[in-house]
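A closer look at the structure
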2 protein chains.
Amino acid sequence: MTTQRKAPDAARRNEAARRAILTAALDLAGEVGYARLSIEAIATRAGAGKQTIYRWWPSKGAVLFDALLMLSEGQDDQPADLPDTGDLEADLKTVLRATVDELNDPRYSEPMRALAIEILLDPALAADFAERLDEPMRELKRRRLRRAQQAGDLGPGVDLDVAVDLLWGPLKNRWLHREGPLTTEFADTVVETALNGLRPGQSSSSTSR
Amino acid sequence: MTTQRKAPDAARRNEAARRAILTAALDLAGEVGYARLSIEAIATRAGAGKQTIYRWWPSKGAVLFDALLMLSEGQDDQPADLPDTGDLEADLKTVLRATVDELNDPRYSEPMRALAIEILLDPALAADFAERLDEPMRELKRRRLRRAQQAGDLGPGVDLDVAVDLLWGPLKNRWLHREGPLTTEFADTVVETALNGLRPGQSSSSTSR
DNA sequence: CATAGACGAGACGGACCGTCTCGTAGTACG
DNA sequence: CGTACTACGAGACGGTCCGTCTCGTCTATG
């Protein structure tokens, strides 16, 4: 997927081999981590030839990317939109808590960390990831915040991209750099602090509802 | 530095070789990026034997770490404390703008990115980095914010670690993941948004002095 | 002034890389 | 229904870099 160098015939593709390779990549990423994850090991584990991997994927990162896509397509709870109950703070906490749970699931976490590292190393993969996953997700977040802004729950001058960074960035940082335990309490605190701001207001910690 | 395996005699250490190695590491990181940075290339560029590197550093990342320390020790503007003029917003903007300038300096930026990646891959290096650089810096930030809190410029219930994440995290993210141009305007917006919060207040964008 | 030890150089086996070439098997198309 | 195509598993290949080791040289410490 993603790109191919000399037009292999997609109609003749062996679906079983594809699934075996993606599954092996996920398992190995979880078992040995990114640093020791090799294409040779993936091929051996999958019972596939190395050439079968090189035929269909341009890089190890692309394999991981597809592997995670396969994993997330497994359960179709992919939301077309972020929840909007009218209560911005509650909705944000719901979403961030779900993110925390996902990032704490070892089935996702290690392969995702491996992919994140691969993305830092490979600009082509970074562009592919940004286009197919990151930017669409960001647009979802921006859209929810834009509705909140129109409803008057967000300051009219707030830059929505900065708002997204403030809300989701701390979680991403803490997870990727293992800066501490990723808890739902942390997610809640981030939401409250970002919404209320650091300055002393009438509301300092827990607010609203 | 950092650790040694069999107690080489530090008194007999060749300072010229040490500097040549660290300089070569910095130059190569800037020229070829992390992905192609090899210890062999560093040794060759430095006119040193590989063993000389392995004798004094436990990993490529440790070399990069020391190289960046050497670079930053070059100019002694290492502040014992963050500025405190009494105007929190102005002080934060000053500091974050300086960070932006440093992250935009290619002399620092590429080696730092290489080190950041190495840290993601190597828990031992991560611990070393956290102890010797990251945590002390974070304490500096926390201390400035604590003073602000005591002065009433920060909400009394604000978690100072979360506040640091909100202020410095977006810059780190944008830089490391190349999510967009790192400008002083962005830094200013982050400071204003984090201080004021996302909710509509009496002040929406630019505030105070 | 002698000697221990750091030094530059590079050989070594091993891990993976990415390419290639086999013989086999399954599928698309005549 | 048969045949040609081509993806497949397997693995050999040269290449890079790893981390260890072994040289002979140079130096500075004792």
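The name given to chain A in an unreviewed UniProt entry is TetR/AcrR family transcriptional regulator, with the source organism recorded as Herbidospora galbida.

1. A few points about the UniProt feature "DNA-binding region" (unreviewed entry) in chain A
Following the UniProt record, one finds the feature "DNA-binding region" (unreviewed entry) at residues 38-57 of chain A. Between the end C-alpha atoms of residues 38-57 of chain A the distance is 14 Å, and the span holds 75% helix and 0% strand.

2. Re the side chain of Asp87 of chain B
All names here are of chain B. With respect to the helices, strands and loops of the structure, Asp87 is situated in the loop between α4 (60-74) and α5 (88-104). Classification of Asp87 by relative accessible area gives buried; the value is 14%. Reaching out from Asp87, the side chain makes a polar contact with the backbone nitrogen of Ala90 at a distance of 3.1 Å.

3. Overview of the interface of chain B and chain A
On the chain A side, the residues contacting the 41 residues of chain B number 41 residues. Of the roughly 3,700 Å² buried at the junction of chain B and chain A (both faces included), carbon and sulfur atoms supply 65%. Considering only the side of chain B, the residues that lose the most area to chain A are Leu120, Leu198 and Arg199 of chain B, jointly responsible for 22% of the buried surface there. If you look at where chain B meets chain A, you find 4 salt bridges. For the interface between chain B and chain A, the tally reads 14 residue pairs in polar contact (both at pLDDT 80 or more). Looking at the side of chain B that touches chain A, the elements with two or more residues in it are α6 (106-121), α8 (160-176) and α9 (184-196) of chain B. The leading source of residues in the side of chain B that touches chain A is α8 of chain B, at 11 residues.

4. Concerning the protein's contact with DNA strand C
Around DNA strand C there are 21 residues in total, and Arg12 and Lys50 of chain A together with Asp9, Thr52 and Trp56 of chain B lie nearest to it. The sugar-phosphate share of atoms of DNA strand C within 4 Å of the protein amounts to 65%. Within the backbone of Ile39 of chain A, one N or O atom sits 3.1 Å away from a phosphate oxygen of DNA strand C. Arg12 of chain B places a polar side-chain atom, nitrogen or oxygen, 3.3 Å from a base nitrogen of DNA strand C. Looking at the surface near DNA strand C, the elements with two or more residues in it are α2 (39-46) and α3 (50-56) of chain A together with α3 (50-56) of chain B.

5. Thoughts on the protein's contact with DNA strand D
Taken together, 19 residues sit near DNA strand D, with Asp9, Thr52 and Trp56 of chain A together with Lys50 and Gln51 of chain B positioned nearest. The share of sugar and phosphate among atoms of DNA strand D within 4 Å of the protein is 66%. Backbone polar atom of Ile39 of chain B to a phosphate oxygen of DNA strand D: 3.1 Å apart, as the coordinates give it. Tyr54 of chain B is positioned with one of its side-chain polar atoms (N or O) 2.8 Å from a phosphate oxygen of DNA strand D. Counting residues per element, the ones that place at least two in the surface near DNA strand D are α3 of chain A together with α2 (39-46) and α3 of chain B.

6. With respect to the domain arrangement of chain A
All names here are of chain A. Each assigned domain of chain A is listed with its residue range as follows: domain 1 (10-74) and domain 2 (88-196). Averaged C-alpha coordinates put domain 1 and domain 2 at centres separated by 27 Å. Taken together, the contact between domain 1 and domain 2 spans 16 residues of the former and 16 residues of the latter. Both sides of the domain 1 and domain 2 interface together cover about 1,400 Å² of buried area, and 74% of this is carbon and sulfur. Broken down residue by residue, the surface that domain 1 buries against domain 2 is led by Tyr34, Phe65 and Leu71, which jointly contribute 46%. There are 1 salt bridge connecting domain 1 and domain 2. The residue Asp66 makes a salt bridge to Arg132 at a minimum N-O spacing of 4.0 Å.

7. A closer look at helix α7 (residues 123-150) of chain B
Residues and elements named next belong to chain B. Of all the bends in α7, the largest measures some 50 degrees and sits at Ala130. Restricting attention to buried positions, one finds in α7 the residues Leu125, Asp128, Arg138, Leu140, Lys141, Arg142, Arg144, Leu145, Ala148 and Gln149. Buried positions along α7 lie against α4, α5, α6 and α8. One side-chain oxygen of the residue at the start of α7 lies 3.0 Å from the amide nitrogen of Ala124, identifying that residue as Asp122. Of the residues flanking the end of α7, it is Gly152, one or two places downstream, whose phi is positive at about 85 degrees.

8. Some words on the pattern of salt bridges
Residue and element names in this part refer to chain A. In the structure shown here, the tally under the stated rule is 46 salt bridges over all chains. Close ionic contact of Asp161 with Arg138 constitutes a salt bridge, the shortest N to O distance being 2.9 Å. Residue Asp161 is found in helix α8 (residues 160-176), and its partner Arg138 is found in helix α7 (residues 123-150); the two are separated by 23 residues along the sequence. A relative accessible area of 15% means that Arg138 is categorised as buried.

About the thresholds
- Residues numbered from 1 in each chain as written.
- Chains lettered and ligands numbered in written order.
- Predicted model: local features only at pLDDT ≥ 70, side-chain atom pairs only at ≥ 80, totals over all residues.
- Heavy atoms only, no water.
- UniProt positions renumbered as here; feature names shortened; annotations may be inferred.
- Helix = DSSP H or I, 4+ residues; strand = E, 2+ residues; numbered from the N terminus.
- Buried < 20%, exposed > 50% of the residue type's maximum accessible area, 1.4 Å probe, protein only.
- Polar contact = N/O pair within 3.5 Å; in protein donor to acceptor, adjacent residues only side chain to side chain.
- Contact = heavy atoms within 4.5 Å.
- Buried area = accessible area lost by both parts, 1.4 Å probe.
- Salt bridge = Lys/Arg side-chain N within 4 Å of Asp/Glu carboxyl O.
- Near = heavy atom within 4 Å.
- Domains from an automatic or database assignment.
- Bend = angle between axes of the 7 residues up to and from the residue.

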